[in-house]
Amino acid sequence: MADSRLVLGTGRCLLIGEVALTHDGSLGLAHAYIDAVADVGADAVKFQTHIAAAESTPDEPFRVHFSQQDATRYDYWKRMEFTESQWRELAVHATDRNLIFLSSPFSLEAVDLLERVGMEAWKVPSGEVGNMALLDRMIATGKPVMLSSGLSSLAELDSAVSVVRTAELPVAVLQCTTAYPCPPDRVGLNMLSVFRERYNCPVGLSDHSGTIYAGLAASTLGADVLEVHVTMSRELFGPDVVASVTLEEFRQIINGVRFIEQMKANPVDKDHAATEVQPLRAIFTKSLVARIDLPSGTILQADQLVAKKPGTGVSPERLGDIVGRRLLNNLSANQLLMPEDIEDFPTRE
C-alpha cells in the first residue's frame, strides 16, 4: 500500500473523518471540510460518490424526508453529484493536505470514476456489501478493501471477506450499526473481537453515535480503523449531521486515540517504576517520629511514635519491628526516627 497509514494492524489506528454528504452538494464546503479534517490531525477524509442515474430510480423513498428542496431521494442524489474534474480537485486537495482521500462508491460508474481520480483503498458502504458486481469491480483495481457491516449478517460478511481474500487483497471489517444517531446499546463494540477472531484481519468501527465515547472505547479495544462522521456545526442541514461529531470533538477523539495508543504501547513495570520515583517517595511518604521527647534507653512503644513527612527516616510499616526495642539516642518531639537510633534494628533483604 502506498501510504504507511494504510498498513493496518500495527497498533496505530487509521482515523477517518467521514464527511459523507454533509457538504450538501457544495463543492466549496467539501473543500472546506478537507482543510478542517486535516487541521484536527486525521489520517484520511472520506466522502460518498453518488451518481443518481446509475444507482437510483425516481421511486426511491426518503429514509427521512428532511429536504424541502428535493422532491424525491433521486433529486437529492442528483444534487449531491460532483463532476469527475471536481472529484479530482478534491482528491488533489486532500493529498496536498497530507490526507488519504477516500470516497465510497454506490455504483459501478462511481467505482470507475474514483479509480480514474485515484483511490488508495475502497470503503464498501453497508448497503453494498452484498453487491458482488460492485465488490468485484473494486477488487479488480487491486486496492485494499474495508467492509462496513451495518446491514450485513455474518454469512454475508463471510462471503464478502472470502471474495476479497481470494483476490489476495488486504481486507478490514468495520463494525457499524445503521442508526442515526446510534444509541450506546446498539454500538456493538463486542463485534470487534468477533470479527478479529472470525476473519483474522484488521477491524474497526464506523461510528454513527455522534459522540466522542464510542471511538475512544473502540481504541482501547484495539480498533485498527475508526471512521467518524464530522460536521462543521450541529446546526447544518442534512441527514448526516445528527450522527456526526463537531470538528473540535473529532480533535478530542484523535488526541484521545493517540494517547490511548501510547498507554497501550508502554506497559508499566511497577517495581521498576517505584525505583524511578525514589526522590518523590521521600517527599510524599512518611517516617516514624517521636510524639514527645524520648530519652536514650527508652523501650519504644507504639503510642510514643507517629507517622509524619518526610519519608527519609524509618518507615511506618516497620513499627511492628521496633516496638519493644531500646532507643540508643535522645529523640526530640517531631524528630525522625533513624535506624541507627534503635538497638539491633532488624534489616530486610
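Q: Honestly, the overall build of the protein chain in this entry has me stumped. Any pointers?
A: If you tally the helices and strands in the protein chain, you get 13 helices and eleven strands. The C-alpha atoms of the protein chain give a radius of gyration of 31 Å, which is well past the 20 Å a tight globule of 349 residues would have. In terms of principal-axis extent, the alpha carbons of the protein chain reach across some 100 × 45 × 40 Å. Counting across all 349 residues of the protein chain, residues that qualify as buried make up 47%. Sequence-distant contacts, at least 24 apart, represent 66% of the contacts inside the protein chain between residues at least 6 apart. Carbon and sulfur atoms form 53% of the exposed surface of the protein chain, whose accessible area is close to 16,500 Å². Taking the 31 positively charged and 46 negatively charged side chains of the protein chain as two groups, their mean positions are separated by 5 Å.

Q: Whenever I open this one, empty space enclosed by the protein confuses me. Can you help?
A: A water-sized probe, rolled over the atoms, reveals where empty space remains. In the structure shown here, the tally under the stated rule is one cavity of 30 Å³ or more. There is about 40 Å³ of room inside the largest cavity. Every residue along the wall of the largest cavity is listed here: Cys-176, Thr-177, Cys-182, Val-187, Leu-205, Ser-206, Asp-207 and His-208. Sort the elements by how many residues they give to the lining of the largest cavity and strand β7 (residues 203–207) lands first, with three residues. Looking at the lining of the largest cavity residue by residue, the class counts come to four nonpolar, three polar and one charged.

Q: Where do I start with the packing of aromatic side chains in this structure?
A: Under the defined criterion, the tally for this structure stands at six aromatic pairs. An aromatic cluster is built from Phe-47, Phe-82, Trp-87 and Phe-101, whose rings are joined through pairwise contacts.

Q: I tried to follow the layout of surface pockets on my own but got confused; where do I start?
A: Considered as a void within the structure, the largest pocket measures approximately 670 Å³ in volume. If you go around the largest pocket, you meet 29 residues; those closest to its centre are Gln-48, Arg-73, Phe-106, Pro-125 and Tyr-180. For the lining of the largest pocket, the elements supplying multiple residues, two or more each, are β2 (44–49), α3 (73–80) and β8 (225–231). Of the residues belonging to the lining of the largest pocket, the class tally is nine nonpolar, ten polar and ten charged. Looking at the second largest pocket, its volume works out to about 260 Å³. Along its surface, the second largest pocket is lined by Gln-278, Arg-281, Ala-282, Thr-285, Lys-286, Gly-311, Gly-313, Ser-315, Pro-316, Glu-317 and Arg-318.

Q: Can you walk me through the packing of helix α1 (residues 27–39) against helix α10 (residues 247–265) in this structure?
A: The interhelical angle for the contact between α1 and α10, taken along N-to-C directions, is 35°, at an axis separation of 9 Å. Crossing of α1 against α10: the hand is right-handed. Contacts between α1 and α10 pair Tyr-33, Ala-36, Val-37 and Asp-39 from the former with Leu-247, Phe-250 and Arg-251 from the latter. Each residue belonging to the contact of α1 with α10 can be placed in one class, and the counts come to five nonpolar, no polar and two charged.

Q: Just checking my understanding: could you explain the packing of helix α9 (residues 213–220) against α10 for this structure?
A: The description of two packed helices rests on the angle between their axes and on the distance between the axes. One can describe the packing of α9 onto α10 by two numbers: an axis separation of 9 Å at closest approach and a directional angle of 15°. Taken together, the axes of α9 and α10 are roughly parallel relative to one another. Handedness of the α9/α10 crossing: right-handed. In this structure, α9 uses Gly-215, Leu-216, Ser-219 and Thr-220 to contact α10, whose residues at the interface are Gln-252, Ile-253, Gly-256, Val-257, Ile-260 and Lys-264. For the contact of α9 with α10, the class distribution of residues is four nonpolar, five polar and one charged.

Q: It is not clear to me how the pattern of salt bridges should be interpreted in this structure. Could you clarify?
A: Opposite charge on two side chains permits them to pair, given that their charged atoms come into close proximity. Tallying each qualifying case throughout the model produces 20 salt bridges. Taking the shortest distance from any N to any O, the salt bridge between Arg-258 and Glu-261 comes out at 3.0 Å. Of this pair, Arg-258 and Glu-261 both sit in helix α10, three residues apart, which is roughly one turn of that helix. Neither Arg-258 nor Glu-261 differs from the other in exposure class; each is buried. Among the ionic contacts, a cluster of salt bridges with common partners joins Arg-12, Asp-43, Arg-258 and Glu-261.

Q: How should I be thinking about α10 in this particular structure?
A: Because each turn of an α-helix spans 3.6 residues, side chains separated by three or four positions end up pointing in the same direction. The end-to-end C-alpha separation of α10 is 27 Å, in line with the 27 Å expected for 19 residues at 1.5 Å each. Within α10 the residues assigned to the buried category are Leu-247, Glu-249, Phe-250, Ile-253, Ile-254, Gly-256, Val-257, Arg-258, Ile-260 and Glu-261. Where α10 is buried, its residues touch β1 (14–20), α1, α9, β8 and β9 (245–246).

Q: Please explain the state of the cysteines as it appears in this structure.
A: Scanning the model with the defined rule gives zero disulfides in all. Free cysteine Cys-176: the closest other cysteine sulfur is in Cys-182, separated by 8.0 Å. Left unpaired, Cys-201 is separated from the closest cysteine sulfur, that of Cys-13, by 14 Å. Residue class for Cys-201 comes out buried when judged on its relative accessible area of 8%.

Criteria and thresholds
Residues numbered from 1 in each chain as written. Predicted model: local features only at pLDDT ≥ 70, side-chain atom pairs only at ≥ 80, totals over all residues. Heavy atoms only, no water. Helix = DSSP H or I, 4+ residues; strand = E, 2+ residues; numbered from the N terminus. Rg over C-alpha atoms; globule rule 2.2 N^0.38 Å. Buried < 20%, exposed > 50% of the residue type's maximum accessible area, 1.4 Å probe, protein only. Contact = heavy atoms within 4.5 Å. Areas by Shrake-Rupley, 256 points an atom, 1.4 Å probe, with all protein chains shown as cover. Lys, Arg positive; Asp, Glu negative; His and termini not counted. Charge placed at Lys NZ, Arg CZ, Asp CG, Glu CD. 1 Å grid on protein atoms, 1.4 Å probe; cavity = no way out; pocket = protein on both sides within 12 Å on 5 of 7 lines; lining within 4 Å. Points joined across faces, edges and corners; volume = space filled by probe spheres on them. Nonpolar A, V, L, I, M, F, W, Y, C, P; charged D, E, K, R; others polar. Phe/Tyr/Trp six-rings, centres within 6.5 Å; stacked < 30°, edge-to-face > 60°. Axes fitted to C-alpha atoms, helices over the stretch in contact; angles between N-to-C directions. Left-handed = near helix turned anticlockwise from the far one by under 90°. Parallel < 35°, antiparallel > 145°, perpendicular 65-115°, else oblique. Salt bridge = Lys/Arg side-chain N within 4 Å of Asp/Glu carboxyl O. Expected span 1.5 Å × (residues − 1). Disulfide = S-S within 2.5 Å.

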